[in-house]
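Single-letter residue listing:
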Amino acid sequence: MQAVKKNSQVDIESKSVVSLVLLIITVFLSLVVFIWITNNDSLNQQQVVLEQDLIESKKMLINSELMELARKRTRLTSQIMDSEDFFRKDELNIELEAYAGEFSKLRKQIFSLPLNDKELAILEKNDAIISQILPAQREVTALAMSDNEDSLLLAKEKFYSTVLPGQNNLIDGFRSLVAMEQIKIGNLTEQIQQSLKTNKE
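Thresholds, definitions, all that
Residues numbered from 1 in each chain as written. Predicted model: local features only at pLDDT ≥ 70, side-chain atom pairs only at ≥ 80, totals over all residues. Heavy atoms only, no water. Helix = DSSP H or I, 4+ residues; strand = E, 2+ residues; numbered from the N terminus. Buried < 20%, exposed > 50% of the residue type's maximum accessible area, 1.4 Å probe, protein only. Contact = heavy atoms within 4.5 Å. Areas by Shrake-Rupley, 256 points an atom, 1.4 Å probe, with all protein chains shown as cover. pLDDT = per-residue confidence, 0-100. Expected span 1.5 Å × (residues − 1). Bend = angle between axes of the 7 residues up to and from the residue. Polar contact = N/O pair within 3.5 Å; in protein donor to acceptor, adjacent residues only side chain to side chain. Phe/Tyr/Trp six-rings, centres within 6.5 Å; stacked < 30°, edge-to-face > 60°.

Across its full length, the protein holds five helices and zero strands. In the protein, the succession of α and β elements from N to C terminus is α-α-α-α-α. Looking at the protein as a whole, 42% of its 201 residues qualify as buried. Excluding contacts between residues fewer than 6 apart, the proportion of contacts in the protein whose partners are at least 24 apart in sequence is 82%. Carbon and sulfur atoms make up 56% of the accessible area of the protein, which totals about 11,400 Å².

Confidence in the prediction of the protein, expressed as mean pLDDT, is 82, and 74% of residues score 70 or more. Of all the helices and strands in the protein, helix α1 (residues 2–38) carries the lowest mean pLDDT, 59, while helix α4 (residues 117–144) carries the highest, 94. This stretch, residues 1–7, has a pLDDT under 50; its non-local contacts, to residues over four places away or in other chains, come to four contacts.

Below, the discussion takes up α4. Here α4 spans 40 Å end to end across 28 residues, near enough to the 40 Å set by a 1.5 Å rise per residue. The sharpest bend along α4 comes to roughly 25°, located at I130. Looking at where α4 begins, the residue whose side-chain oxygen comes 3.1 Å from the main-chain nitrogen of K118 is N116.

What follows is about the packing of aromatic side chains. Taken as a whole and assessed by the stated rule, the structure comprises three aromatic pairs. Arranged with centres 6.0 Å apart and planes meeting at 70°, the rings of F103 and F174 form a pair that is edge-to-face. Here F174 lies in helix α5 (residues 149–200) and F103 lies in helix α3 (residues 86–111), a separation of 71 residues in the sequence. Since its relative accessible area comes to 11%, F103 is described here as buried.

Here it is, written out as structure tokens:
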């Protein structure tokens, strides 16, 4: 029950973050136009800040999507264990592997962006977690695909002892990254507002 409640909270957080990022991008694109009209001389300096802000917004969006994929993979693994229909299990397993591919692509994207030492440390810690839970998750899935009752019990034991705690730690890591990026976006927004105020004066 606690895991379900936590997954629900993460789902709400992920949707809120995506909506926030889209709003931020819209606002700052509007600011670019406004800056161009009001003060073309200082555009270059403010454009640098805007570009930094958009990078942070992109990182926040990617990390929120990675967090959501981790949550979905946990849910799908649980559904595979609970299902009694082999064909349904196979469908869920295909979906599970597809999410793994999406996760890998997004991970490459986040590492292609500028990252500070704290962000790198969290991402490297997450990579260490993934290296532990991914083989365990695939082992759980393979065991759960079997009709053998003992295999299913072993799958559930490994899921609750290794996979679920690891996924929760992984999600916590992405949540920390999103929080850091929100703070940086707030600081950059203040810089832009202060610059606009100075220009008016």
